[in-house]
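Remarks on the overall topology
Here is how the chains run, residue by residue.
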Amino acid sequence: MSALTDIGGEERLRELVNCFYDRMETDPEAYPLHRLHFRGHGMEHIRQAQFEFLSGFFGGRAYYRERFGHMNLRELHEHIPIRKEDADLWLQTFDKALDDCGLMDIATVQRIRATLRRAAHMLVNDVHDWRLDSPVTPHTTDTPA
């Protein structure tokens, strides 16, 4: 059985991804994560890409690999400034989404969390952090590039 099956399948995964990104867009504590997405393809795009990636990552259909040919996390994030604080905040926000969806008590979720922790910290890099060039607060807005 896969982790995807253990959490309740694709429908529950989509619920989790939406909960995570809803938190990112509304929780002031998660604002630094939301801001990292301002220069991308938009939140609807990233919600779908995250669902597709996590489906394969959790042992389900590898939609992301089918569309893009790989699931190399470092390559996918090499252009994004990711600091330890960003990785920790991503993990905290994901944990809150897991809890919001009632998934924290599933045994498989503890293995998922451990794997995500390793993956998130592997992505920490020294790419120039453009956020430092134009600091903003959650009450103002960056202009998407």
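Residues numbered from 1 in each chain as written. Predicted model: local features only at pLDDT ≥ 70, side-chain atom pairs only at ≥ 80, totals over all residues. Heavy atoms only, no water.

Regarding the packing of aromatic side chains
Our working definition: Note on aromatic contacts: the rings of Phe and Tyr and the six-membered ring of Trp form a pair at centre separations within 6.5 Å, being stacked when their planes are under 30 degrees apart, edge-to-face when over 60 apart, and tilted otherwise. Secondary structure counts use DSSP, requiring at least four H or I residues in a row for a helix and at least two E residues in a row for a strand, with both numbered from the N terminus. Accessible area is worked out with a 1.4 Å probe on protein chains only. A residue is then buried under 20% of its type maximum, exposed over 50%, and partly exposed in between. For a ring to carry a charge above it, either NZ of a lysine or CZ of an arginine must fall within 6 Å of the ring centroid while also lying within 35 degrees of the normal to the ring plane.
Using the criterion set out here, one finds 9 aromatic pairs in the structure. With centroids separated by 4.5 Å and ring planes inclined at 40 degrees, the aromatic side chains of Tyr 64 and Phe 68 adopt a geometry described as tilted. Linking Tyr 64 with Phe 68, this pair stays in helix α5 (residues 63–68), spanning 4 residues, or about one helical turn. On the basis of relative accessibility, which here comes to 10%, the residue Tyr 64 falls in the buried class. Through a chain of ring-to-ring contacts, three or more aromatic side chains come together here, namely Phe 53, Phe 57, Phe 58, Tyr 64 and Phe 68. Here the guanidinium or amino end of Arg 14 rests over the ring plane of Phe 51, the centre of that ring lying 3.8 Å away.

Here we look at the packing of helix α7 (residues 84–100) against helix α8 (residues 107–122)
Here is the rule: Axis definition: a line fitted to C-alpha atoms, over the contacting stretch in the case of helices. Angles run 0 to 180 degrees between N-to-C directions. Any angle that falls under 35 degrees is termed roughly parallel, while one over 145 is termed roughly antiparallel, one within 65 to 115 roughly perpendicular, and all others oblique. Here a crossing is called left-handed whenever its near helix is offset anticlockwise from the far helix by less than a right angle, and right-handed whenever the offset is clockwise. Pairs of residues are marked as contacts when any of their non-hydrogen atoms sit within 4.5 Å. Three classes are used, and their members are as follows: Ala, Val, Leu, Ile, Met, Phe, Trp, Tyr, Cys and Pro are nonpolar, Asp, Glu, Lys and Arg are charged, and the others, Gly among them, are polar.
Between α7 and α8, whose axes approach to 9 Å, the crossing angle comes to 160 degrees. Of the possible angle classes, the one that applies to α7 and α8 is roughly antiparallel. Relative to α8, the crossing made by α7 is right-handed. Of α8, the residues touching α7 (which contributes Lys 84, Ala 87, Asp 88, Trp 90, Leu 91, Phe 94, Asp 95 and Leu 98) are Val 109, Arg 113, Leu 116, Arg 117, Ala 120 and His 121. The class makeup of the residues in the contact of α7 with α8 is 8 nonpolar, 1 polar and 5 charged.

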